[in-house]
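Working through the structure, step by step
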Amino acid sequence: MNPPTAPLLALRGLQGWYGESHVLHGIDLDVRRGEVVTLLGRNGAGKTTTLRAIIGILAKRSGSITYDGVETIGMPSRSIARLGLGYVPEERGIFASLTVQENLMLPPKVKPGGMSVAEIHALFPNLKERAGSQGTKLSGGEQQMLAIGRILRTGAKLILLDEPTEGLAPVIVQQIGRTILKLKADGYTIVLVEQNFRFAQTLADRHYVVEQGRVVDMIPNADLDANIDKLHTYLGV
Amino acid sequence: MTTIFGVPTQALFGQLLLGLINGSFYAILSLGLAIIFGLLNIINFAHGALYMMGAFVAWMLLTYLGLGYWWALGLAPLVVGVFGILLERLLIARLYKLDHLYGLLLTFGLALIIQGLFRNQYGVSGLPYAIPAELSGGQRLPFMFLPNYRAWVVVASLTVCLATWLVIEKTKLGAYLRAATENPTLVQAFGVNVPLFLTLTYGFGVALAGFAGVLAAPIYSVNPNMGADIIIVVFAVVVIGGMGSILGSVITGFGLGLVEGLTKVFYPEASATVIFVIMVLVLLVKPAGLFGRTA
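All of these numbers come straight from a predicted model, not from anything done at the bench. (Residues numbered from 1 in each chain as written. Chains lettered and ligands numbered in written order. Predicted model: local features only at pLDDT ≥ 70, side-chain atom pairs only at ≥ 80, totals over all residues.)

**Examining the overall build of chain B**
Going by this rule: Put simply, DSSP H or I for four residues or longer makes a helix, DSSP E for two residues or longer makes a strand, and each gets a number counted from the N terminus. C-alpha atoms define the radius of gyration, and 2.2 Å times the number of residues to the power 0.38 defines the globule rule. Every C-beta atom is placed from the backbone, and the number of other C-beta atoms within 10 Å of a residue's own sets its class: buried at 20 or more, exposed at 12 or fewer, partly exposed in between.
Each helix and strand in chain B was counted, giving 11 helices and 4 strands. For a compact globule of 295 residues, the expected C-alpha radius of gyration is about 19 Å, and chain B comes in at 19 Å, within 12% of that figure. C-alpha extents for chain B along the principal axes are approximately 65 × 50 × 35 Å. Buried positions account for 48% of the 295 residues belonging to chain B.

**Things to note about helix α1 (residues 47-55) of chain A**
All names here are of chain A. Here α1 lies mainly inside the structure; 9 of its 9 residues are buried. Among the residues making up α1, those that are buried are Lys-47, Thr-48, Thr-49, Thr-50, Leu-51, Arg-52, Ala-53, Ile-54 and Ile-55. Phi turns positive one or two residues past the end of α1, at Gly-56, with a value near 95°.

**Things to note about the nonpolar core**
Rules: For our purposes the nonpolar core covers buried Ala, Val, Leu, Ile, Met, Phe, Trp, Tyr and Cys residues that link as a set through C-beta atoms within 7 Å. Contact between residues is assigned whenever the C-beta positions, reconstructed from backbone atoms, fall within 7 Å.
Counting 156 residues, the largest nonpolar core has Leu-160 of chain A together with Ile-28, Leu-29, Ala-55, Ala-212 and Val-234 of chain B as its most contacted members. Of all the elements, helix α1 (residues 9-40) of chain B adds the most residues to this core, at 15 residues. Among residues more than four places away in sequence, those in contact with Ala-212 of chain B are Phe-25, Ile-28, Leu-29, Tyr-51 and Gly-54 of chain B.

**Some points on the packing of helix α5 (residues 148-170) of chain B against helix α10 (residues 246-266) of chain B**
Residue and element names in this part refer to chain B. Which entries qualify depends on this criterion: Every angle, taken between N-to-C directions, lies between 0 and 180 degrees, and every axis is a line fitted to C-alpha atoms, over only the stretch in contact when it is a helix. Note on terminology: angles under 35 degrees are roughly parallel, angles over 145 are roughly antiparallel, angles of 65 to 115 are roughly perpendicular, and the others are oblique. Note on convention: near helix rotated counterclockwise from far helix by under a right angle means a left-handed crossing. Clockwise means right-handed. Each residue is assigned to one of three groups, with Ala, Val, Leu, Ile, Met, Phe, Trp, Tyr, Cys and Pro labelled nonpolar, Asp, Glu, Lys and Arg labelled charged, and all others, Gly among them, labelled polar.
Their axes nearest at 10 Å, the elements α5 and α10 cross at an angle of 165°. Between α5 and α10, the angle is such that the two are roughly antiparallel. As for how α5 packs across α10, the hand of that crossing is left-handed. For the pair α5 and α10, contact is made by Cys-161, Trp-165 and Ile-168 and by Ile-246, Leu-247 and Val-250, respectively. Taken together, the residues of the contact of α5 with α10 sort by class into 6 nonpolar, no polar and no charged.

The following block contains the structure:
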């Protein structure tokens with residue numbers, strides 16, 4: 001067991017490729033237990049690729065990724081998930097050939113202490129009402145709730161959330177924001193990829209800025225407003 | 001004599017029954033192919049050879065070990081399934097990252113090798129396999145004579161197809177299979193051992209072929225070419241039904257068996273080609289097949 005001060009997740013010199021295309025050029029970042037950390041950056045900066053590398057579905061990667069002291073760079077994604085990582089992909093990954101309930105029950109339990117189905121239904125009542133529907137018949141917001149909910153059942157303690165608010169109505173975005181805060185209060189560690197830093201600001205402890213496959217800056221949430229001009233330049237907004 | 005559309009009912013029902021029997025084999029075989037294609041993206045050309053192997057294992061169990069039909073019905077699919085698992089682990093698993101064509105070529109080669117080995121050992125004249133005593137004889141129905149064994153083949157095929165469909169559609173195991181068919185990467189990222197699933201699915205798919213082989217042994221003679229004869233038609237069935245569609249393959253299998261039987265009654269000259277004509281028509285109108293999802 002690592003001392004509590006050590007990061008739960010540490011990336012050192014992470015390189016990643018899609019086929020021949022070199023996408024990550026040495027990502028360094030730390031996530032401490034119980035933190036919410038965001039990856040900010042423009043489209044194509046390598047944020048999603050970083051998450052895919054952490055969960056192990058980016059086939060070609062090198063450098064070092066340790067979770068709770070375990071080196072995972074050479075492990076298949078199924079073994080990485082079994083360490084207690086949960087992945088919510090950008091495209092949500094709801095299965096069309098499964099019902100909502102089947103989607104919810106699909107990911108196997110990887111660690112003890114996951115939420116019960118009743119707790120998840122209390123968090124996202126829509127999932128209970130529509131349990132028998134085909135997964136992809138849900139609205140975008142409901143699909144996002146399902147994608148998050150099914151990970152909460154597994155007992156994963158580190159959750160990788162890729163743009164959970166993309167394309168959703170403001171009221172749904174607020175609901176997802178509240179959910180993330182509740183998870184944080186419950187002790188979950190969260191890595192959040194987000195385009196909308198105003199939304200990220202309400203949730204996160206620290207922000208990493210990713211540019212062209214590298215981490216170019218780290219801004220503590222408290223300093224975000226002071227760095228707003230710099231951030232605008234980074235994000236090109 | 002009673003006739004329908006100028007055809008004696010005796011002949012009509014006789015051919016319909018034959019069509020239903022053929023359809024039973026089409027259905028089990030195309031079901032296995034559909035499951036394998038859906039999850040592994042492998043067009044399993046060795047399917048016919050493994051069906052033939054199922055029939056031979058039944059014959060060997062009887063000849064060398066004195067184990068009869070009912071033993072064979074359980075053991076032969078097991079033997080073929082384990083053989084399939086070895087094939088998948090040793091050879092097929094190496095091709096998943098390549099184009100479909102490589103899997104097709106590999107399994108086609110395997111089919112030729114397996115057939116060649118059996119032909120070398122047992123010749124091509126065919127070996128007899130008796131109908132089990134419990135299923136010999138038949139029922140004299142008002143409109144035709146129904147051999148018990150043929151009725152059994154239809155019932156057994158329907159039961160196996162239905163059971164497979166239920167497992168895939170209604171169980172947790174089936175949910176994993178469906179999910180992994182859609183998005184294996186994500187299912188693996190949830191901590192599921194997808195490669196193991198692929199291996200077991202291939203084993204199960206070819207075990208279905210082995211089961212069909214045992215059912216076929218007492219009807220067709222057990223011979224090394226029996227798989228090659230049927231598999232081309234089965235592939236046409238799969239294309240018509242839609243690659244990868246579970247229910248589609250079963251319905252199309254039985255349906256085309258009946259169509260074939262009807263053609264034998266009304267226009268016998270076309271009976272050998274009717275399925276391929278339908279395949280061409282379906283491909284023109286619905287390229288993904290009758291039950292296929294458009295990718």
